[in-house]
Every structure is written in structure tokens, then in C-alpha cells.
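One letter stands for each residue in the lines below.
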Amino acid sequence: MNTVAKIDISRRYQGVEITKYNGETYTPESLSTFVAQHICNRFDFTHREKISILDPSVGDGELSLALLRTIPRNYKGKIELFAFDTNMMALEQARKRIANTFPNCTLHFENRDFLQFAVEGDCEPDLLSLGEGTDKPSFDLIIANPPYVRTQIMGAYEAQRLAAAFGLAGRVDLYQAFLLAMTKVLSPNGAAGFIVSNRFMTTKGGGTLRALLHSTLTLREVWDLGDTKLFSAAVLPAVIVANGLGHTKEDSVAFTSIYETDGNAEIKVGDPIEALAHTGVIATADGRQFLVKTGVLNSSGDTDAVWRIATVSGDAWMATVQKNTWRTFGHLGKIRVGVKTCADKIFIRHDWEAATDGKLPELLRPLTTHHGAGRYHATVPKKVRHILYPHQVVDGKRSAIDVEKHENAKAYLEKHRGTLEGRTYVIESGRKWYELWVPQDPSAWSAPKLVFRDISERPTFWLDLSGSIVNGDCYWLTTAKESETDLLWLAVAIANSTFIEVFYDHRFNNKLYAGRRRFITQYVEQFPLPDPTTPLSLSIIERAKAIYHANHSPSVESMEQEVDALVWEAFGVSREKSSG
């Protein structure tokens, strides 16, 4: 029996609405049927006198009903359904629905947390009997839409306990623990289908989970359902279908992705689930259009590598890009997030004159935020913000500025001393009460910087030559040597190109709603750079500078189009042949 302390998910969400509290997002009938069919396609029903089914978060019972409906009609053996849910009302509703529709199915319904059962082995005698002589139950079929509850709602303490129990790392979501708990109780010859958030497939923190799924399951099929909006909650779902480890692993795992797109639809179907049977641009009855891609799960690299779709044409495209890649953005320097004050209302203002009766603090510095985001060149926000920045570098080390030497700054900070000292973690880390929590390197701000937003429809990267400080809502990059500044001009052109959008989708495929992409460190550091000494690259650099100095004038659009074409040429690929 696992000695991990009991995991209690029932008491930690005060003030959170009930659906977030429990992670409850019930599954639509069409998706339930889709998952059930693919589970049954992967299971051999012949010569079985009994089948045990697990639904660890049964909700209203839609998934279990779909699976029971999909079991072949010629199967005459006994069927037992084991269902868990912490919501008693939902559990009773599910029990009635299933009992009325399948009166011959033996039901075992548990009003408790499945994780307690899976982690602690806390189970009834009838569950133990499923283990065939062992103290570990196993199930032939598992179908699940586990609760999706993020760390910030769960609480750090509970997240750490789950991580320890299941060997997870990074930001832990409740569904990740459920996934691994289900792998522990899936029969070696069983089949399972899971509906989860697609987030773990592409984030750095999801690497541990990806590796564990490779080692604990025989993966068969993966669907990235992207921005199909199948659920009312703002979660981008994915479906995983797998067998237990008693099955022989196949050379490849089927992978399908579907994301909303523009373009001319080739086929019209009822809904996104029906669209999954096709490839290309597919229209749905509600007027949306989706790009459906089919291929295999990328198997290159380590088992914790990002899960992306691999196709013959897409891999050939990436091979050509790699051949023409000199270095990556990560080689230019470390990509950092901007400063974090943990007291923005005090340190960051647009009304300093009024807030200080004209006695401006001496330590004010211009601040770059997402409000001034622009391509190539920052824009002027409606409210220009400055930050009180009490940090410097002395003898190569960062230190706090002595505010005793700055009368106005001292007076302002003293006025807010109570609030600032409330940030006990700052003081406990050996810092002065008026310091920023994450000030970054004060000596780096004066250097030219490549700055970019986290989430945007189009790539939004710009050069900052003003020496401003970058806020924590943006990322920034500067080169180690001043002589390498031209590489930043090359980088800003690459980063703002349509080429990088296609590269991103081939390499990471982490889109959010409405085509938005996440531009975070782990992706941007892998963006490619062509050889900067070639005539093409030198032309790109000079044109990028011209766009910057044109500063959003009407001529910029045509100038960007010219640079865009040169970027594609620099990597040896054609925009017209990039959709694979």
C-alpha cells in the first residue's frame, strides 16, 4: 500500500465557483461517442466472460453511457461498471441514467475521490477482487474526462503532494494525476480513452508526464482538438487512446490535429467531431472552418519531447529549414521575462506627477509593457508608464540603491512602507523592503533589446533602443556582445515573418483560441536564424532597420512584405508549399 498522505481535494477552493472548484466540465454526447468507439476498436471482446469498466469522474454519466452503447451487441458476457465522483448529485443522476438504459449492467458507484483509491489502495473487497489474486484492482476498459484544476486553484501544497505521489514535475494540474492514476489500474490487455487538456503536449513542464505516458501505456491514437470549443470551459482538449502494456507497441502513433482556420473549405460536415474523419479545410454547420491534419506522433528525440504531428511533407519542410539554419535565438542570449514588482500599483504608474505633488522620485525609469507592443518598433500607449527602479550594479553585482541618497524616492517609498514590508518573502530572502521581487540585471537595460509579447494573433516582436526597463508582461533578449547587435535586427525580421508562424505550427503546434499563439521562452529560443553573412541576410538586416525607422508609417506594410519574402528565401522554402 502506498504510504502517501491522503489527498483531499474537497476543501481548498473557497471563493471559487463550483465548476472550477470541482473541475467539472461534462462531456458532449458526440465527443463521448467518438472516444467510446475508438476505445472499443482497440479491445478484443472475444472469449471474455466478464468486462470491468472504470469511469473515475463519472459526472452525469455521458461517457459511461457512450461506452456501454458501443460495446458490440454480440458480446454476451457480464459487464461491471465502477464509477467515482465527489459530487453526490451528479453521481445519483448518472446511476439512474445508466441503470435505466442498461439494467443488466452491474453498477458499483463510489461517492469519493478516485485519487484516494488509486494512490492509497483504499478499496472495497469487490474492487480488490478485480486484481485477480493481487491487492491491485485492474480494469479492462477505462473512459475518462478527468477534472481539470490548475495549481493556482488547487493550492501549492496540494499540487506538491500530487507531484510527489505520481512523479510529476513543473506545474501540476489535477487531470495529470488522474491520468497517471488510471495507467496504474488499466489491465495489460485493456484499452482506455482519456479526454484531457492539450497543454501538457507542448509545454516544458509537461515533459515528465509525456515520458511517463510513453512508459506506462501502449499509445495508439492522439487527437489535438484545439480551438473546437467543444466545451463551455476555456480548455483546449485532446483525446488519447491507448492499450495496456500487454500489447505490442506499434512503430507509430496516429496523430490528428484540428484548429480553426480561414480558406476555402473542401467539405462541409455537421460538427468538428465529424470533421476529424477528413483532412484539409473542413466547414461545419455553424459556419466555422477548420484545418484538419493527420499524421503520426513525432517520435524523434527523447520520450519527454514535445508532442507534435509529423507528416512526410512537414518533416521534409523542417529538414530544409534545418539545413539553412545557422543558429537559434537561444544562442544569441538568455531570454528573460521582464521585471516583477509584486506591488505594481506602488512601483509602476502613469500619473507620477500627480501622485507625488510634482516631487518626482529620482529613480524613475521608462517602462516597456504590452500596452506599447508593436512589430519592429514599439507603439505609443495611451498611458505612458514609468517604474521606480531601486537597483544598480556595483563591482559586477546587483544591489539595491541607497534610497537615503534620494530624497523624493525615499519619501514616496516610506509612504507605502507598510504595504511593501507586507511582502515578507522579499525581506526573508535577505533583500531590502523596497526592492523589486524580480529586478533582472540592471546593467542590461541600456543595451539594445528584442522584446515580445507572450500571446498574440500575429508575432509581435520589436527592438527597444531606448534603454527602457521591460515589464513582466513581456519577454526580452539581448546579445552578449555589443558587436552582435545586427543579429537582433535579423532576429526581429525572422520573428515577425509569416515563415515563423508556419515554423511554429510545425515545431510546436501550441495554438490557443482564435489562432493565437504563445511566444514563450521554450519556443522562441528554438526559432532559427540563417547565416547572417549572406547577401540575403544582410539585406534583411538593412530592411529591418528601415522598417524600424519608418515607425509604423503607411509605407511599412509593403516594406514588411518584401522582408517576409526574403526570410522565406533565406531558409530555402516556399510559402506556397508550407502547409504540410
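Residues numbered from 1 in each chain as written. Predicted model: local features only at pLDDT ≥ 70, side-chain atom pairs only at ≥ 80, totals over all residues. Heavy atoms only, no water.

1. Overview of the sheet that holds strand E21 (residues 449-453)
Okay, step 1: Taking strand neighbours across the sheet as the criterion, the 5 strands line up as E14-E25-E21-E23-E17 in an open arrangement whose pairing is mixed. Looking at which strands have only one partner, the edges of the open sheet turn out to be strand E14 (336-337) and strand E17 (376-377).
Okay, step 2: Here E21 pairs with strand E25 (residues 474-477) via 4 bridges, running antiparallel. Counterpart to Arg453 in the pairing with E25 is Cys474.
Okay, step 3: Each of E17, E21, strand E23 (461-464) and E25 touches helix H19 (residues 485-495); the most contacted strand, E23, lies at about 160 degrees to it. (Pairing = 2+ DSSP bridges. Helix = DSSP H or I, 4+ residues; strand = E, 2+ residues; numbered from the N terminus. Contact = heavy atoms within 4.5 Å. Axes fitted to C-alpha atoms, helices over the stretch in contact; angles between N-to-C directions.)

2. Thoughts on the confidence of the model for the protein chain
Okay, step 1: Overall, the prediction assigns the protein chain a mean pLDDT of 88, with 88% of residues at 70 or greater.
Okay, step 2: Contacts from residues 1-23, a stretch scored under 50 in pLDDT, to residues over four places away or in other chains number 47 contacts.
Okay, step 3: Below a pLDDT of 50 lies the segment residues 125-134, which in the model reaches 19 contacts outside its immediate sequence neighbourhood of four places, other chains included. (pLDDT = per-residue confidence, 0-100.)

3. Comments concerning the side chain of Asp224
Okay, step 1: Tracing the backbone through its elements, the reader meets Asp224 in strand E6 (residues 218-224).
Okay, step 2: Looking at Asp224, its side chain comes within polar contact range of the side chain of Tyr259, at 2.8 Å.
Okay, step 3: Contacts of Asp224, omitting those with residues within four sequence positions, involve Asn198, Met201, Pro237, Ala238, Phe255, Thr256, Ser257, Ile258, Tyr259 and Asn509. (Polar contact = N/O pair within 3.5 Å; in protein donor to acceptor, adjacent residues only side chain to side chain.)

4. Re the packing of helix H9 (residues 174-185) against helix H10 (residues 207-216)
Okay, step 1: Between H9 and H10, the shortest axis-to-axis distance is 10 Å and the interhelical angle comes to 15 degrees. Relative to H10, the element H9 lies roughly parallel. In the crossing of H9 with H10, the sense of the turn from one axis to the other is left-handed. Contacts between H9 and H10 involve Gln176, Leu179, Leu180 and Thr183 from the former and Leu209, Leu212, Leu213 and Thr216 from the latter.
Okay, step 2: Broken down by class, the residue content of the contact of H9 with H10 amounts to 5 nonpolar, 3 polar and no charged. (Parallel < 35°, antiparallel > 145°, perpendicular 65-115°, else oblique. Left-handed = near helix turned anticlockwise from the far one by under 90°. Nonpolar A, V, L, I, M, F, W, Y, C, P; charged D, E, K, R; others polar.)

5. Brief notes about helix H12 (residues 312-323)
Okay, step 1: Relative to the 16 Å expected for 12 residues at 1.5 Å per residue, H12 spans 17 Å between its end C-alpha atoms, a close match to the ideal helical length.
Okay, step 2: Listed in full, the buried residues belonging to H12 are Gly314, Trp317, Met318 and Val321. In a view along the axis of H12, the buried residues occupy a sector of 95 degrees, so they form one face of it. Along H12, exposed side chains directed more than 90 degrees from the buried face belong to Val312 and Lys323.
Okay, step 3: In this fold, the buried residues of H12 make contact with helix H20 (498-507), strand E27 (528-529) and helix H23 (556-570). (Expected span 1.5 Å × (residues − 1). Buried < 20%, exposed > 50% of the residue type's maximum accessible area, 1.4 Å probe, protein only. Arc of directions from axis to C-beta.)

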